[in-house]
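Examination of the molecular architecture
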Amino acid sequence: MTARATGLLGLVAGVVALVGNLLAPRFSGDDVDIYRELADSDRYTVAFVVVLVAVLLVTAAFVGIARSGAGELRYYGRLTAVVGGSVALMQVALALFAFRQQAMAFADAPDGTQQVAAFWATNAVNHVNAAL
């Protein structure tokens, strides 16, 4: 992959990431309200699929940097592609699948102990997601 193609790939990845970020719904309020709104949101899944595409494109751009660069640029491009790409894919997958599914389980849980347990499970996934 040429340096020009790698740069173009990185630019496209940035634009796709911007679109995904603009599509992502914003929630406010306490956690209970946020998790219920998240469970009902149709834009959330679409936004994170777009972000997932952006992560894959950025990772591919870093692979291109690793292949076309020399010396340290090659090393850091490879390191960023492997470590950063892996962490980013885990975070997006967690946000896209686990967090949304757990929020839906919380929203659908009957009152009482099941709802409390579902809330704390959703909260735990949220914190792991934020940590990544």
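Please read all numbers here as calculations on a predicted model, not as lab measurements.

**Details of a negative patch on the surface**
- A cluster of acidic residues, Asp-30, Asp-31, Asp-33, Glu-37, Asp-40, Asp-42 and Asp-108, forms a negative patch on the protein surface.
- The leading source of residues in the negative patch is helix H2 (residues 31–40), at 4 residues.
- Along the chain, the position of Asp-30 falls in the loop between helix H1 (3–23) and H2.

**Some words on the nonpolar core**
- With 19 residues, the main nonpolar core has Tyr-35, Tyr-44, Phe-48 and Phe-99 as its most contacted residues.
- When contributions to this core are tallied by element, the ones reaching two or more residues are H2, helix H3 (43–68), helix H4 (72–108) and helix H5 (113–131).
- The dominant element in this core, judged by the number of residues it contributes, is H4, at 7 residues.
- Once residues lying within four places of it in the same chain are set aside, the contact partners of Phe-99 are Tyr-35, Leu-38, Tyr-44, Leu-94, Thr-122, Val-125, Asn-126 and Asn-129.

**Here we look at the environment of Leu-8**
- Mapped onto the elements of the fold, Leu-8 is located in helix H1.
- Remark: the alpha-carbon pair of Leu-8 and Thr-59, spanning 51 residues in sequence, is separated by 13 Å.

**Some thoughts on the packing of aromatic side chains**
- Applying the stated criterion across every chain, the model contains 8 aromatic pairs.
- Arranged with centres 4.8 Å apart and planes meeting at 40°, the rings of Tyr-44 and Phe-48 form a pair that is tilted. With Tyr-44 and Phe-48 both in helix H3 and 4 residues apart, this pair spans about one turn of that helix. Summarising the burial analysis for this pair, Tyr-44 and Phe-48 share the class buried.
- Ring plane angle 80° and centroid distance 4.9 Å describe the contact between Phe-119 and Trp-120, whose orientation is recorded as edge-to-face.
- Assessed through its relative accessible area of 15%, Phe-119 is described here as buried.
- Chaining the aromatic ring pairs together yields one cluster made of Tyr-35, Tyr-44, Phe-48, Phe-99, Phe-106, Phe-119 and Trp-120.

**Quick look at the packing of H1 against H3**
- For the pair H1 and H3, the least separation of the axes is 8 Å and the interaxial angle reads 160°. By the angle class used here, H1 and H3 are roughly antiparallel. Handedness of the crossing formed by H1 with H3: left-handed.
- Across the contact of H1 with H3, the residue classes tally to 18 nonpolar, 5 polar and 1 charged.

**Quick notes on the layout of surface pockets**
- There is about 160 Å³ of room inside the largest pocket.
- Lining the largest pocket are Ala-24, Pro-25, Arg-26, Phe-27, Ile-34, Tyr-35, Leu-38, Tyr-44, Phe-48, Phe-99, Asn-126 and Asn-129.
- Taken together, the elements giving at least two residues each to the lining of the largest pocket come down to H2, H3 and H5.
- No other element matches the 3 residues that H2 contributes to the lining of the largest pocket.
- For the lining of the largest pocket, the per-class residue count stands at 9 nonpolar, 2 polar and 1 charged.

Quick notes on the rules
- Residues numbered from 1 in each chain as written.
- Predicted model: local features only at pLDDT ≥ 70, side-chain atom pairs only at ≥ 80, totals over all residues.
- Heavy atoms only, no water.
- Patch = residues over 30% accessible without salt bridge, like charges linked within 9 Å, V, L, I, M, F, W, Y side chains within 5 Å.
- Areas by Shrake-Rupley, 256 points an atom, 1.4 Å probe, with all protein chains shown as cover.
- Salt bridge = Lys/Arg side-chain N within 4 Å of Asp/Glu carboxyl O.
- Lys, Arg positive; Asp, Glu negative; His and termini not counted.
- Charge placed at Lys NZ, Arg CZ, Asp CG, Glu CD.
- Helix = DSSP H or I, 4+ residues; strand = E, 2+ residues; numbered from the N terminus.
- Core = buried A, V, L, I, M, F, W, Y, C linked by side-chain atoms within 4.5 Å.
- Buried < 20%, exposed > 50% of the residue type's maximum accessible area, 1.4 Å probe, protein only.
- Contact = heavy atoms within 4.5 Å.
- Phe/Tyr/Trp six-rings, centres within 6.5 Å; stacked < 30°, edge-to-face > 60°.
- Axes fitted to C-alpha atoms, helices over the stretch in contact; angles between N-to-C directions.
- Parallel < 35°, antiparallel > 145°, perpendicular 65-115°, else oblique.
- Left-handed = near helix turned anticlockwise from the far one by under 90°.
- Nonpolar A, V, L, I, M, F, W, Y, C, P; charged D, E, K, R; others polar.
- 1 Å grid on protein atoms, 1.4 Å probe; cavity = no way out; pocket = protein on both sides within 12 Å on 5 of 7 lines; lining within 4 Å.
- Points joined across faces, edges and corners; volume = space filled by probe spheres on them.

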